[in-house]
2 protein chains.
Amino acid sequence: MSAVTSTVNVGRPRAFDMDTALEKALEVFWRKGYDGTSLSDLTEAMGINKPSLYAAFGNKEQLFLKAIELYESRPCSFFLPALEKPTAYQVAEHMLHGAAMNMADSNHPQGCVVVQGALSCSEAAASVKEALINRRVEGEQKLKVRFDQAKTDGDLPPDTDTGVLARYLLTVLQGMAIQANNGACSEQLRQVAHMTLQAFPRAG
Amino acid sequence: MSAVTSTVNVGRPRAFDMDTALEKALEVFWRKGYDGTSLSDLTEAMGINKPSLYAAFGNKEQLFLKAIELYESRPCSFFLPALEKPTAYQVAEHMLHGAAMNMADSNHPQGCVVVQGALSCSEAAASVKEALINRRVEGEQKLKVRFDQAKTDGDLPPDTDTGVLARYLLTVLQGMAIQANNGACSEQLRQVAHMTLQAFPRAG
DNA sequence: AGATATATGTACTTATCGGTAAATAACCCT
DNA sequence: AGGGTTATTTACCGATAAGTACATATATCT
């Protein structure tokens, strides 16, 4: 008997693919929000029954959190990759243009599930709201750290308030999520991105 | 007998004040969103029973729409008053500073109910979501018209794209609603407002 | 005082919510 | 072939959702 939990192929095999089911769940949560999504919505979209959902993902809340993890780790995600760009300005540029492209993409719900998944919500959703707030605040913190690095790299003026700069950028990105929900297209978001960069300090 | 619907004091008088009850309803919808708010939440906050609510306000959806009307017409509202300022820059300035003050005010829920009342929502809330989108888009249109006026007034450069400028400003304002939900304070929002104005075209 | 009209509180309806018990089906290992 | 293990299906649970029927209370009008 092994010390770790057995992962060998014992028992009846799962009849659905967990990753694609999770993708489907993400899309529903994205479009309807946590409170607006019922288990029937989920099981219908995922093509499975409730006991399968509970066995595979725990419960509604855990499924939501796993869907958010998937959202942030997907290949089309733009936030973390943008942090890798060589200069602060390019980081901002790629982030804003990535958001303009992604948030208005009609291949999935508009906006950003981290913003709109549980913004105002019932008490039952309070913990997932908290989780989303943490994600947003952590993203802002990561961006600040990146800008701090840029300051020592010399591609931001030494008197730059990196906290304010990160917050400004995140504010626009989060606003773009609302704009996408309003029906704004990629080109319109790109124009906002361009204006946003007007306020960005150039290399000192 | 009068031609208009009788408004005389006939029948048992209402035992509660409709305006203060509507204020209470607004606060609940603001904090919990349309989907996240139950009738029990509403009746408890308003201090009335369900039949009184239905008799006075119609149903949940109509109550929500009336609460939104109240929200936009309240004295502490900042959007429409800002449009009256003499120059485009002052319009933007007052709007941004008003938002910074109002959205983080701890005397009521944080953010903006027009943004967060029904962003992602169930199909049951689709019509109120649509109503909120319309409000946001109309606000953007009003701001554009104001900036068009500013262009003829000469306090915006003649080559200004007023549509983009209005969309940029609304994007930041809507992003500030998310920031307020994240827990940002007025001072932090004011810093964002200041940065936003860096991108604003000065008098041509 | 009595008729009329409106508001209120209690109790109810139907539908759906998130979540689960229990029987059965499908796989691996010996 | 048979035992062990896990997934699936069906049917269900108590709680709560939005909304309402009905009897009663409180006002005005004649």
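Structure's up top.
Definitions and limits used
Residues numbered from 1 in each chain as written. Chains lettered and ligands numbered in written order. Predicted model: local features only at pLDDT ≥ 70, side-chain atom pairs only at ≥ 80, totals over all residues. Heavy atoms only, no water. Helix = DSSP H or I, 4+ residues; strand = E, 2+ residues; numbered from the N terminus. Buried < 20%, exposed > 50% of the residue type's maximum accessible area, 1.4 Å probe, protein only. Contact = heavy atoms within 4.5 Å. Areas by Shrake-Rupley, 256 points an atom, 1.4 Å probe, with all protein chains shown as cover. Lys, Arg positive; Asp, Glu negative; His and termini not counted. Charge placed at Lys NZ, Arg CZ, Asp CG, Glu CD. Near = heavy atom within 4 Å. Polar contact = N/O pair within 3.5 Å; in protein donor to acceptor, adjacent residues only side chain to side chain. Nonpolar A, V, L, I, M, F, W, Y, C, P; charged D, E, K, R; others polar. Expected span 1.5 Å × (residues − 1). Arc of directions from axis to C-beta. Least-squares fit on C-alpha atoms with pLDDT ≥ 70 in both. Buried area = accessible area lost by both parts, 1.4 Å probe. Salt bridge = Lys/Arg side-chain N within 4 Å of Asp/Glu carboxyl O. Phe/Tyr/Trp six-rings, centres within 6.5 Å; stacked < 30°, edge-to-face > 60°.

K.L.:
Just checking my understanding: could you explain the overall build of chain A for this structure?
P.N.:
A tally of helices and strands in chain A yields 10 helices and zero strands. Helices (α) and strands (β) of chain A occur, in sequence order from the N terminus, as α-α-α-α-α-α-α-α-α-α. Reported as C-alpha extents along the three principal axes, the dimensions of chain A are approximately 65 × 45 × 30 Å. Counting all 204 residues of chain A, 52% fall into the buried class. Sequence separation of 24 or more characterises 67% of the internal contacts of chain A that already satisfy a separation of 6 or more. If you sum the accessible surface of chain A, you get close to 9700 Å²; carbon and sulfur atoms cover 51% of it. The average position of the 20 basic charges and that of the 23 acidic charges among the side chains of chain A differ by 3 Å.

K.L.:
I keep staring at the protein's contact with DNA strand D and nothing clicks. Help me out?
P.N.:
Looking at DNA strand D, there are 23 residues lining it, with Ala15(A), Asn9(B), Leu39(B), Lys50(B) and Tyr54(B) nearest. Among atoms of DNA strand D positioned within 4 Å of the protein, sugar and phosphate together represent 65%. The side chain of Asn49(A) places a nitrogen or oxygen atom 2.8 Å from a phosphate oxygen of DNA strand D. Here a phosphate oxygen of DNA strand D sits 2.6 Å away from a polar atom, N or O, in the main chain of Leu39(B). Broken down by secondary-structure element, the contributors of at least two residues to the surface near DNA strand D are α3 (50-57) of chain A together with α2 (39-46) and α3 (50-57) of chain B. In terms of residue count, the dominant contributor to the surface near DNA strand D is α3(B) (three residues). Residues of the surface near DNA strand D, tallied by class, amount to nine nonpolar, nine polar and five charged.

K.L.:
Looking at this structure, I do not really get helix α4 (residues 60-73) of chain A. What am I missing?
P.N.:
Each α-helix winds once per 3.6 residues, and so residues spaced three or four apart point in a common direction. All names here are of chain A. In this model α4 runs 20 Å from its N-terminal to its C-terminal C-alpha over 14 residues, within 8% of the 20 Å that 1.5 Å per residue would give. Among all positions of α4, only Lys60, Leu63, Phe64, Ala67, Ile68, Leu70 and Tyr71 are buried. End-on, the buried residues of α4 take up no more than an arc of 160°, which puts them together on one face. Against α1 (18-36), α2 (39-46), α3, α7 (113-116) and α8 (126-153) lie the buried residues of α4.

K.L.:
Looking at this structure, I do not really get the relation of the copies chain A and chain B. What am I missing?
P.N.:
Superposing the two chain copies requires a rotation about an axis and a translation along that axis. Expressed as a screw transformation, the operator carrying chain A onto chain B has a rotation angle of 180° and an axial translation of 0.0 Å, and the superposed copies differ by an RMSD of 0.1 Å. Taken together, the rotation and translation describe the operation of a two-fold axis. Ranked by how close their C-alpha atoms come to the rotation axis, the residues of chain A are headed by Gly175(A), at 1.8 Å. Most of the interface of chain A is mirrored in chain B: 100% of its interface residues are interface residues there too.

K.L.:
I keep staring at the interface of chain A and chain B and nothing clicks. Help me out?
P.N.:
Each partner contributes residues to the interface: chain A has 38 residues there, and chain B has 38 residues. Interface area lost by chain A to chain B is led by Ser120(A), Arg167(A) and Met195(A), which between them contribute 17%. Applying the counting rule to chain A against chain B returns two salt bridges. Salt-bridge contacts for Lys32(A) lead to Glu123(B); the nearest nitrogen and oxygen are separated by 2.8 Å. Among the secondary structure elements, those contributing two or more residues to the side of chain A that touches chain B are α1, α7, α8, α9 (162-182) and α10 (186-198) of chain A. Considered class by class, the residues forming the side of chain A that touches chain B number 16 nonpolar, 15 polar and seven charged.

K.L.:
What am I meant to see in the packing of aromatic side chains here?
P.N.:
Two aromatic rings, taken as a pair, are described by how far apart their centres are and by the angle between their planes. Residue and element names in this part refer to chain A. Across all of its chains, the model carries 12 aromatic pairs over all chains by this definition. Relative to Phe64, the ring of Tyr34 has its centre 5.2 Å away and its plane inclined at 80°; by these criteria the two rings are edge-to-face. On the criterion of sequence distance, the pair formed by Tyr34 in helix α1 and Phe64 in helix α4 is long-range, its members being 30 residues apart. You can call Tyr34 buried: its relative accessible area is 7%. With a relative accessible area of 0%, Phe64 lands in the buried category. Between Phe147 and Phe200 the ring centres are 5.7 Å apart and the planes differ by 70°, which places this aromatic pair in the edge-to-face class. Remark: Phe200 occurs in the segment after α10 and Phe147 occurs in helix α8; sequence separation between them is 53 residues. By the burial criterion, Phe147 is buried, and Phe200 matches it. Joined through ring pairs, the aromatic side chains of Phe29, Tyr34 and Phe64 make up one cluster.

K.L.:
Hey, could you run me through helix α6 (residues 88-103) of chain B in this one?
P.N.:
All names here are of chain B. With 16 residues, α6 extends 22 Å from end C-alpha to end C-alpha; this agrees with the ideal 22 Å at 1.5 Å per step. Regarding α6, the residues found buried are Ala88, Tyr89, Val91, Ala92, Met95, Leu96, Gly98, Ala99, Ala100, Asn102 and Met103. Where the residues of α6 are buried, they touch α5 (79-82), α8 (126-153), α9 (162-182) and α10 (186-198).

The values are spatial; any link to function lies outside them.
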